Amino acid sequence: MIEIERKFLVQSDVFKDQAFKSTRIVQGFLNTHKKRTVRVRLKGDDGFLTIKGESSSSGLSRFEWEKNIPKEEAEQLLQLCEEGVIDKIRYEVKVDGHIFEVDEFFGDNKGLIVAEVELNSETEQFTKPSWLGQEVTGDVRYYNSQLSNNPFITWDKA
């Protein structure tokens, strides 16, 4: 139940042509505390409740527990969430032996595109596709829970 991932900004939309799947995701947070977040997600027609723990000092890993819940329950729980619902399309792109999840954000986070790759260990090697940009692993500004409270459109990008 430990999630290990690296996160990158995306510098072109070439990934869209390489994606084998895309899904609309709407999610909100019941709790965005630094030590734990509780997320409600609608991913297509599926609902999920997810609890994540505090990130390790490297920012690469943290506890994650997720449970599939009925769509109707997820819709009801979304009504209880803190302000700042996240709206995005997730593209899944296979690169060698790894799947990159590329999130294109909308609403208050429009213009932000972030890719994540899950790993089996913090030292696992992987091929970086040409469309990957700067690594932002461990930068809490790019956590969805933080994007709900401090959306991308409010950032000083100078």
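This report concerns the structure included in the present document. (Residues numbered from 1 in each chain as written. Predicted model: local features only at pLDDT ≥ 70, side-chain atom pairs only at ≥ 80, totals over all residues. Heavy atoms only, no water.)

Quick notes on the layout of surface pockets
Size it by volume and the largest pocket reaches roughly 300 Å³. Lining the largest pocket are 22 residues; nearest its centre among them are Glu 3, Arg 39, Arg 41, Lys 52 and Glu 64. For the lining of the largest pocket, the secondary-structure elements that each account for two or more residues are strand S1 (2-10), strand S2 (21-33), strand S3 (36-43), strand S4 (46-53), strand S5 (61-69), strand S6 (86-95), strand S8 (113-118) and helix H3 (144-149). Among the elements that make up the lining of the largest pocket, the one with the highest residue count is S3 (4 residues). (1 Å grid on protein atoms, 1.4 Å probe; cavity = no way out; pocket = protein on both sides within 12 Å on 5 of 7 lines; lining within 4 Å. Points joined across faces, edges and corners; volume = space filled by probe spheres on them. Helix = DSSP H or I, 4+ residues; strand = E, 2+ residues; numbered from the N terminus.)

Remarks on the pattern of salt bridges
Evaluation of the coordinates by the stated rule reveals 15 salt bridges. Its salt-bridge partner being Lys 52, residue Glu 3 comes within 3.4 Å of it at the nearest N-O pair. Of this pair, Glu 3 sits in strand S1 while Lys 52 sits in strand S4, and the two are 49 residues apart along the sequence. Each member of the pair, Glu 3 as well as Lys 52, is classed as buried. (Salt bridge = Lys/Arg side-chain N within 4 Å of Asp/Glu carboxyl O. Buried < 20%, exposed > 50% of the residue type's maximum accessible area, 1.4 Å probe, protein only.)

With respect to empty space enclosed by the protein
Applying the stated criterion across every chain yields a total of 2 cavities of 30 Å³ or more. Here the largest cavity defines a volume of roughly 100 Å³. Looking at the largest cavity, it is lined by 13 residues, and the ones nearest its centre are Glu 5, Lys 7, Gly 59, Arg 62 and Tyr 143. Going through the elements one at a time, S1 and S5 are the ones with two or more residues in the lining of the largest cavity. Top element by residues in the lining of the largest cavity is S1. It accounts for 3 residues. Its residues assigned to classes, the lining of the largest cavity comprises 3 nonpolar, 5 polar and 5 charged. Contributing to the lining of the second largest cavity are Lys 7, Asp 103, Phe 105, Val 114, Glu 116, Tyr 142 and Asn 144. Classifying every residue of the lining of the second largest cavity by side-chain character gives 3 nonpolar, 1 polar and 3 charged. (Nonpolar A, V, L, I, M, F, W, Y, C, P; charged D, E, K, R; others polar.)

All we've got here are geometric facts, nothing functional implied.
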